[in-house]
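# Structural overview
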Amino acid sequence: MSNPYISGTGYYLPPRVVTNEELSNFMDTSNEWILERTGIEERRYVESGVGPSDLAIPATEQALLAAGLTVKDIDFIIFATSTPDYYAPGSGCLLQEKMGFGEIGALDVRVQCSGFVYGLSIAEQYIRTGMFKHILLIGAEVQSTAMDLTTEGRDTAVIFGDGAGAAIISATEEDRGILSTHLHTDGRYVKELWLEAPASKAGHPRISKNDLDEGKQYLKMNGREVFRHAVTRFPEVIIEALKKNKIEQKDIGLLIPHQANLRITQMIQKKMGLRDDQVMSNIHKYGNTTAGTIPIALGEAIEEGRISEGDIVVFASFGSGFSWASAVMKW
Ligand code: UT7
């Protein structure tokens, strides 16, 4: 049976930098507040007309180059996004056409911040069964257009940004790659972090003038409640993954947690007794790009030489759903 490993990575951030100072022009906030509560210094926003499938193109090109592959080699596309270009069809279909992939399957995964890890788990199964040899896995988001850029939306708006990461999951006979993945959801907390409209269950039309006036088109978050669950679920799902593989905390080469808030990452690090060099953080530059954070951070970690062959790399995520997940890899 083949093992699934990451043969190439890439990432892309739109060029427009939005600083905390700039946000304070639209809403009652400050650089100090944002920095102290989240660790974020700036994030990137797309220009209008740009969707996650557009951001995914340069990320994919980079990943293909790193893997020494071309579009012809890819057997399947998994596109993790909670902010698809359109309600239908999925962003994976758009990417297939834009990059000239063959008539391969394209699957959108909507598990918000955990989308990339869920996608990794799906790719793992296809590679292990021998169905596919090379799978393109994307995590890409355009969150800026779901932000209420007024004081009313400030608790959520200052956190999120746009960006895309890509990874090629390939088959190998070597003793390396994904060791296990762990997936969880608790739907009791759907409304703690959600985007309510447009909605098929809203009737005709799927979004009304009233919904717009109430701001239902914006992402809404109960920050304190999300934070409280995140700092429990992250360590829990990481430990679950380590136990499954009989790996100790000290043996983690690099933990790449979903980048939601620097304070959350620091609390995970402290609870798990990890050193600074064992934990990846880049939230100060990009904010929270939802499904994009892990593949973007992975791409940067590789560029910075923080991952070597044979290292144990752990991914962990927590977000809207609530959904949380982890994956362990031997690099
Ligand atoms: O990726 C998905 C997962 N998402 C997360 O994991 C996010 C988890 N939550 C968080 O990161 C934090 O809860 C936030 C950063 C969203 C908020 O930080 P907090 O320390 O929990 O602040 P808070 O919501 O308790 O608000 C504290 C105060 C409030 O004022 P009062 O009621 O104490 O007077 C807020 O109105 O800060 C106020 N506030 C702000 N002030 C300036 C909230 N947002 C802002 C803001 N600028 N942007």
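Residues numbered from 1 in each chain as written. Predicted model: local features only at pLDDT ≥ 70, side-chain atom pairs only at ≥ 80, totals over all residues. Heavy atoms only, no water.

### Topic: the nonpolar core
Soluble globular proteins: nonpolar side chains tend toward being buried together. Residues Ile-238, Leu-255, Ile-264 and Val-314 are the most contacted members of the largest nonpolar core, which totals 42 residues. A total of 9 residues in this core trace back to one element, the largest contributor, which is helix H8 (residues 223-244). Counting contributing residues per domain, this core is built from domain 1 (3-174) and domain 2 (179-330), each supplying no fewer than three. Membership of the second largest hydrophobic core comes to 33 residues, among which are Ala-167, Leu-298, Phe-315 and Ala-325. (Core = buried A, V, L, I, M, F, W, Y, C linked by side-chain atoms within 4.5 Å. Buried < 20%, exposed > 50% of the residue type's maximum accessible area, 1.4 Å probe, protein only. Helix = DSSP H or I, 4+ residues; strand = E, 2+ residues; numbered from the N terminus. Domains from an automatic or database assignment.)

### As for the layout of surface pockets
In this model, the largest pocket occupies a volume close to 1200 Å³. As for the largest pocket, its lining consists of 34 residues, and the residues nearest its centre are Ser-82, Arg-110, Leu-195, Ala-197 and Pro-198. The space that makes up the second largest pocket amounts to roughly 550 Å³. The wall of the second largest pocket is formed by 25 residues, among which Met-221, Gly-223, Arg-224, Phe-227 and Arg-263 lie closest to the centre. If you list the elements that add at least two residues to the lining of the second largest pocket, you get helix H2 (31-38), H8, helix H9 (262-272) and strand E12 (312-319). Top element by residues in the lining of the second largest pocket is H8. It accounts for 6 residues. Here the lining of the second largest pocket spans two domains, since at least three of its residues come from each of domain 1 (3-174) and domain 2 (179-330). (1 Å grid on protein atoms, 1.4 Å probe; cavity = no way out; pocket = protein on both sides within 12 Å on 5 of 7 lines; lining within 4 Å. Points joined across faces, edges and corners; volume = space filled by probe spheres on them.)

### Observations concerning the domain arrangement of the chain
On domain assignment, one finds that the chain holds domain 1 (3-174) and domain 2 (179-330). Placing the centre of domain 1 and that of domain 2 at their C-alpha centroids yields a distance of 13 Å. Each partner contributes residues to the interface: domain 1 has 49 residues there, and domain 2 has 50 residues. Taking both partners together, domain 1 and domain 2 bury about 3800 Å²; carbon and sulfur atoms supply 62% of that area. Seen at the junction of domain 1 and domain 2, the total is 0 salt bridges. Linking domain 1 with domain 2 are 19 residue pairs in polar contact (both at pLDDT 80 or more), by the criterion used here. Among the elements of the structure, strand E1 (3-12), H2, strand E3 (42-45), helix H5 (115-129), strand E6 (134-141), helix H6 (154-157) and strand E7 (163-172) are those that each provide at least two residues to the side of domain 1 that touches domain 2. Broken down by element, the side of domain 1 that touches domain 2 gets its largest block of residues, 9 residues, from H5. Its residues assigned to classes, the side of domain 1 that touches domain 2 comprises 20 nonpolar, 17 polar and 12 charged. (Contact = heavy atoms within 4.5 Å. Buried area = accessible area lost by both parts, 1.4 Å probe. Salt bridge = Lys/Arg side-chain N within 4 Å of Asp/Glu carboxyl O. Polar contact = N/O pair within 3.5 Å; in protein donor to acceptor, adjacent residues only side chain to side chain. Nonpolar A, V, L, I, M, F, W, Y, C, P; charged D, E, K, R; others polar.)

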